[in-house]
Amino acid sequence: MSEFTGLGADLGMSTGTIPAVASPQTPKLPPREWVRANLFSSPFNSVLTVVSSLIILAITRGLLSFIFNPQRQWDATATNLRLLMTQAYPEEQYLRIWVSVAVILTLTGLSLAVWRAGSAVSIANVGRRLLSFGCTLALFALLAPFSARATIIWLLIAVAVAGGGGTLRRLADSERTISTLALVLIGLSGLVGSLWVVPYGNHTFELHRTPRVIAEPGTVALSTKFPWTIMLLIAVAAYFLGTYLRDRGSLNATRTTLALLWLLMPPVLLYLVLRDPDFDMGHVFGTDIPIFLACAVLGGALLNWLARPSTGEIGRIVAALVLIAAFATFLTPMRMIVRLDLLMLAAFALAAPTFSGGPRARRNYVIGWLGLLGVMSWLVTAVNTPSTIEVPGQFFLGGLSLTLMVAIFTIVISFPLGLALALARTSNMPIFRLLATWFIEFVRGVPMITILIFFSIMVPLFLPPGMHLSEVAAVIIGYSLFSAAYLAENVRGGLQSVTRGQHEAAEAVGMTTSQKTMFIVLPQALRVSIPPLVGHCIGVFKETSLLAIIGLFDVLYIARNVMPNQTEFMGSTKENILFVSLIYWLFCYQMSKASQRLEQRTGLGER
Amino acid sequence: MTDAATEPTAEPMSEPAAGQTRDLSNARDMIVCEDVSKWYGDFQALDGISTTIKEQEVVVVLGPSGSGKSTWIRCINRLEVHQEGRIVVDDVELTNDLRNIEQIRSEVGMVFQQFNLFPHLKVIDNVSLAPIWVRKKPRVEAEEQAMALLERVGIPEQAHKYPGQLSGGQQQRVAIARALAMEPRIMLFDEVTSALDPEMVKEVLDIMKTLALSGMTMMVVTHEMGFAKEVADRIIFMEEGQIVEQGTPQHFFENPTEDRTKLFLSQIL
Ligand SMILES: Nc1ncnc2c1ncn2[C@@H]1O[C@H](COP(=O)(O)OP(=O)(O)OP(=O)(O)O)[C@@H](O)[C@H]1O
Ligand SMILES: [Mg+2]
C-alpha cells in the first residue's frame, strides 16, 4: 500500500510548486485515508484500481523476467559500450574524447551556478521518496525471477534503502532543506564511486584466447573509472567557479559570455579537438588570415559608418549595394569564404539602422561583426582541413557521439533558420511570404528519408568543382532544412499568439519593424512556443536514428546491425535495443524536464 | 460610474482648470485634418473630418459607440491609414513614407484602453525600451528618466515588477509613463479609463489633468464627462464618422445647437 503514497509523493514532487501552494487549504491526508479517498472511493473505482494494479504488476513482472533471464546476453552491451559511444575512435587518441567531455562538464557546472539552477527540497521529502523507492525495489525483487539468494540480497538492499528513508523522514524536521544539486552530486558521486568497485563496462573481447568476455587491464573500458572521477571533480570545481563569478562579476556579461561559449562549443570540439585537423599553415597565413583581416577592417569601418544615426538614407542604399555585390560573387568563380563574408556583411549592413546609436552602440555592433566573422572564417578553414583521425568507414565518429553531434548541430543551425522562415512567412513582404510558404510546404510534403538521401547522394554531385562536402555535413544541412520548416511552423503559432495590441503599442512608440520583432514580438512568441519547440528538439534527437539509412553508424544502427553480427554475440538484438532505448529515453526525458523548468522560469511574474 | 465621473470635478477646481479662458488662436497648428475619410471595405468609418488642433490645446472627443472616435485618433499616428484627405502632424504630412511615420510616431504618444504593456519586460524596461532603441539614448540615462517618470505618475516602487503584478490603474499609469518617455509633443488617449475599476479611474485622470496643465497637446477620447468639462479646451462631438458639433465645454454642455448632441447628452447625463 505504501506504493501508492509513494506514487502520490512522486506526483507532488514532479509538479514542483503545486504542493506548496495547495498545502494551506488541503492538509495532507494520512496514507490510509488518502488511499480510500483516491483509489477506493466507489465500487467502480475499486475495481478500476485492482484491475490496473494487476495489469501494472503483470507488465513489470514480464519486463523483469526479460531483463534477468539468464539467457540474456548483457555482456554484449557491456563489452561494446565503447563501440556504442564513439564507434571506432582510435584508442590512443581517446584523450580527445575526455577533453571534450571535460569542456562540456565545465560549461554545465558554470551554467548551473550562474543561472542558479536547482531548488531546495525538504530532507523529510527526500526521505519519503527514498522510502517509496525502497518499497518499489522490494516489490521488484519479489517479482523478478531471481534465485532465492539473489532475492534475499535484493530484499535486504531494498529494506536498507526504505529504512534509511524512513528514519530520515522521521528524524529531519520539515524546515531542513537540501539543494537538488547536492542530491544530484551525491547520486553522481555514488555512480562514479561504484566504478571503482564494480567493473561495469569492464570487458574486452579477446579473440585469440578462448572466446570469452574478460576484463583486460589497460583497455579504455577498464580505465574509465579514473577519467570519470576527474570529470566529476572538474564539474564540481566549475560549479564553484561559477558561484564565484556569479557573485563577483557582472551577471549579465557572464551570462552572455557563457551563452556564446555554449554556441561555440560544438564546432570547436568537433573540428579542433575531436577531428585533430591537419592545418596547412602556409595556406592559413597566406590566404585565410589576410582575407579575414581585410574583411574585418573594411567591414568594420563600413558598419561603424552605417550604424551612425546621421547616416540615414544613403546607408540603406549602400547596404543594398553590398547585398547585390554578394549575390554577384556567385556568378564568377572565387573562394567560397569571400562570398560568405560578403553575404554576412550585407546582413549586418541591412540591420545597421536598427542598432545604430552612440559610440558605445556602434562599438558593440562592430565587435559583434568581428566575432561572427572570426567564427565563420575559422569554421570554413577548419571544415576544409583534413582530419588526421584514421578510422575505417565514412566518418571518424559513430555511435552516441555521432547521434549527439548531428542532433546538436541540427538544432543549433535550424533554430535561427526556422525563426527567419517563420518571420518571413508572417511578414507583409509578399516575396518573402511566398518563398517561405513554398519552402515550408515543400519540405513538409516530402518524407525525411528522401531529403537525407538527396543530400547525401545528390548534393555532392551538384557542388562546384573543388568544393568538397563530407557526407555528414551534407546530411546535417539536409536535417537542418527539414527541421527548420517544422520549427518555423511552431514559432509561427507563437507569433500569432502575440496580440495586435502589442504590435500597436510597439509601433506607437516609434519602433521600426525589426525592433518591434526583436524586442516585443519574438520574446513573447518564443515563450509561448517553448513546449512545441522542445517537443520538436526531442523529435530531432530521435530522428537521427534515420542516419543508418545512408550508411552512417549511429547508436541505433550499431545496436541493431553491428553488435548482433559479432560472432560472440549473435542475436543479441533485443538486449541492445532495450539498452539503446534507455539511452534515448534518458536524453529525451531530461529535455522534457528542462522544458518544464524553462516554462516555469519564464512564466515567473507574467501574471 | 457617475460617482467616478463627478468626483474629479469636485475638488481641484481651485486652480483655474486648463484652458476655458486660454486664447490659443495664435498658437502653432499641431494637428491639421482636412477632409479625412476612411473606409473599412464598404463601411465608411470617417466621413470628411476637418479640424485643426493647436499647440497646447486639449481636445476631448465624444460620441456614441461606433461613431469613429478610435478610428480617427488612430489615424493620427497612422495605426490606421486614411484613404482620402490630408493629415498633417507637427508640419509633417502623413504619407506612406516610412521615415515620416516613424518620426511622427516618436513625437506622438498614445495610451490605449487595454494598456498594452509589454508583459515580458519589467516596468522600468517597458518605459526605457523605446528611448534606448528609438531615441538612441544611453541605457543609464534612459533608466534614470524612466525612474523620474514613474515617480511623476506615482509608482516608483513598482519599477522592478512585471506588468502582470500591477493593478489596472497602476498599469495604465505605466503606459502613460511609457508614452511620455519618448518626450512626445502630442498625446493621444483612447478611452484610457474604460477598462479600469471605478476607484482606479481617478488616479489616472489626475495624471492626465496635470499633464494637460503642463501644456501638453492632447487628444482624449473618453466617457468621463467630468474630465471633459474640467480640462478640455474644446469638445468635439462625432457621430457616424462626422464631426457634428464642436465648441468649448460651456457651449457644449449648456447650450448645444444640434439635436443629435442634445439627444446624446440627455442619454448620458
Ligand atoms: N478593423 C475594422 N474593420 C471593419 N470595421 C471596423 C474596424 N474597426 C472599426 N470598424 C468599424 O468602424 C466604426 C467606428 O469604429 P471605432 O472603433 O472608431 O468606434 P468608436 O467611436 O471608437 O466606438 P467605441 O466608443 O465603442 O470605442 C464602427 O462601426 C466599427 O464597427
Ligand atoms: Mg473606441
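### Some words on the overall build of chain B
- Counting its secondary structure elements, chain B contains ten helices and ten strands.
- In terms of overall size, chain B behaves like a compact globule, its C-alpha atoms giving a radius of gyration of 18 Å where 269 residues would be expected to give roughly 18 Å.
- Once the C-alpha set of chain B is aligned to its principal axes, its extents read approximately 55 × 45 × 40 Å.
- Per-residue burial over chain B gives 57% buried out of 269 residues.
- Here the contacts in chain B between residues at least 6 apart in sequence split such that 68% fall between residues at least 24 apart.
- Working note: accessible area of chain B is about 11300 Å², and carbon and sulfur atoms make up 47% of it.
- Across chain B, the mean location of the 26 positive side-chain charges is 5 Å away from that of the 42 negative side-chain charges.

### What to know about the site of ligand 1
All names here are of chain B.
- Around ligand 1, the neighbouring residues are Y40, F43, A45, P64, S65, G66, S67, G68, K69, S70, T71 and E191.
- Separating a nitrogen atom of ligand 1 from a side-chain N or O atom of Y40 is a distance of 3.4 Å.
- At 3.0 Å from an oxygen atom of ligand 1 is found a side-chain nitrogen or oxygen belonging to E191.
- Burial of ligand 1 by the protein chains amounts to 61% of its free accessible area of 630 Å².
- Elements that contribute at least two residues to the shell around ligand 1 include exactly β2 (43-54) and α2 (69-76).
- Counted by class, the shell around ligand 1 contains four nonpolar, six polar and two charged residues.

### Details of the pairing of strand β9 (residues 234-239) of chain B
Residues and elements named next belong to chain B.
- Summarising burial for β9: six of the six residues are buried, a large majority.
- Here β9 shows a buried face lined by R234, I236 and M238 and a second buried face lined by I235, F237 and E239.
- Here β9 pairs with strand β10 (residues 242-247) via five bridges, running antiparallel. Opposite M238, over in β10, you have I243 as the bridge partner.
- Adjacent in sequence and paired antiparallel, β9 and β10 are bridged by two residues, among which E240 carries a positive phi angle near 45 degrees.

### Looking at the sheet that holds β9 of chain B
Residue and element names in this part refer to chain B.
- Across the sheet, six strands lie side by side as β6-β7-β8-β3-β9-β10; this open sheet has mixed pairing. Strands at the two margins of the open sheet, each flanked by one partner only, are β6 (108-111) and β10. Within this sheet the neighbouring strands show an average axis-to-axis angle of 20 degrees, counted without direction.
- The pairing of β6 with strand β7 (residues 186-190) spans four bridges and is parallel. Its bridge partner being in β7, M110 is matched across the sheet by L188.
- Against the sheet, helix α3 (residues 98-107) engages β6 and β7, with an angle of about 65 degrees to β6.

### Some remarks on the packing of helix α4 (residues 123-133) of chain B against helix α6 (residues 168-180) of chain B
Residue and element names in this part refer to chain B.
- Interhelical geometry of α4 versus α6 gives an angle of 25 degrees and a closest axis separation of 8 Å. With respect to each other, α4 and α6 are oriented roughly parallel. Where α4 crosses over α6, the two elements pack in a sense that is right-handed. Across from V123, N126 and V127 in α4, the residues of α6 making contact are V174, A177 and R178.

### Looking at the sheet that holds strand β4 (residues 84-89) of chain B
All names here are of chain B.
- Strand order in the open sheet formed by four strands is β2-β1-β4-β5, with antiparallel pairing between adjacent strands. The sheet is open, and its two borders are formed by β2 and β5 (92-93), each paired with just one other strand.
- With eight bridges connecting them, strand β1 (residues 29-40) and β2 associate as antiparallel partners. Bridge pairing in β2 links D29 to K54.
- Packing against the sheet, α2 makes contact with β1, β2 and β4, and its axis sits at approximately 55 degrees to β2.

### Things to note about the domain arrangement of chain A
- The domain boundaries assigned to chain A delineate domain 1 (1-22 + 396-607), domain 2 (33-248) and domain 3 (279-385).
- Between the C-alpha centres of domain 1 of chain A and domain 3 of chain A there is a distance of 29 Å.

### Things to note about helix α13 (residues 281-306) of chain A
Residue and element names in this part refer to chain A.
- Here α13 contains 26 residues, and its C-alpha end-to-end distance of 35 Å stays within 8% of the 38 Å for a straight helix at 1.5 Å per residue.
- If you look at α13, its biggest bend is around 30 degrees, right at D288, and the proline P290 turns up within four residues after that.
- As for α13, its buried residues are in contact with α14 (313-328), α15 (336-355) and α16 (359-383).

### Some words on the packing of helix α22 (residues 513-528) of chain A against helix α23 (residues 530-543) of chain A
Residues and elements named next belong to chain A.
- For the pair α22 and α23, the least separation of the axes is 5 Å and the interaxial angle reads 65 degrees. Every residue of α23 that contacts α22 at L526, R527 and V528 is listed here: I530, P531, P532 and L533.
- Grouping the constituent residues of the contact of α22 with α23 by class yields six nonpolar, no polar and one charged.

### Describing α2 of chain B
Residues and elements named next belong to chain B.
- Counting buried residues in α2 gives seven out of eight residues, a clear majority hidden from the surface.
- Of all the residues in α2, the buried ones are K69, T71, W72, I73, R74, C75 and I76.
- Of the residues one or two after α2, R78 is the one with positive phi, at around 60 degrees.

### Some thoughts on the pattern of salt bridges
- In this structure the tally under the stated criterion is 30 salt bridges over all chains.
- A salt bridge links E504 of chain A to R74 of chain B; the nearest nitrogen and oxygen atoms lie 2.6 Å apart. Taken together, the residues span two chains, with E504 of chain A in helix α21 (residues 500-508) and R74 of chain B in helix α2. Here E504 of chain A and R74 of chain B have matching classes, each one buried.
- Through salt bridges with shared partners, a single network forms among R425, E441, R444, E489 and R492 of chain A.

Parameters at a glance
Residues numbered from 1 in each chain as written. Chains lettered and ligands numbered in written order. Predicted model: local features only at pLDDT ≥ 70, side-chain atom pairs only at ≥ 80, totals over all residues. Heavy atoms only, no water. Helix = DSSP H or I, 4+ residues; strand = E, 2+ residues; numbered from the N terminus. Rg over C-alpha atoms; globule rule 2.2 N^0.38 Å. Buried < 20%, exposed > 50% of the residue type's maximum accessible area, 1.4 Å probe, protein only. Contact = heavy atoms within 4.5 Å. Areas by Shrake-Rupley, 256 points an atom, 1.4 Å probe, with all protein chains shown as cover. Lys, Arg positive; Asp, Glu negative; His and termini not counted. Charge placed at Lys NZ, Arg CZ, Asp CG, Glu CD. Near = heavy atom within 4 Å. Polar contact = N/O pair within 3.5 Å; in protein donor to acceptor, adjacent residues only side chain to side chain. Nonpolar A, V, L, I, M, F, W, Y, C, P; charged D, E, K, R; others polar. Pairing = 2+ DSSP bridges. Axes fitted to C-alpha atoms, helices over the stretch in contact; angles between N-to-C directions. Parallel < 35°, antiparallel > 145°, perpendicular 65-115°, else oblique. Left-handed = near helix turned anticlockwise from the far one by under 90°. Domains from an automatic or database assignment. Expected span 1.5 Å × (residues − 1). Bend = angle between axes of the 7 residues up to and from the residue. Salt bridge = Lys/Arg side-chain N within 4 Å of Asp/Glu carboxyl O.

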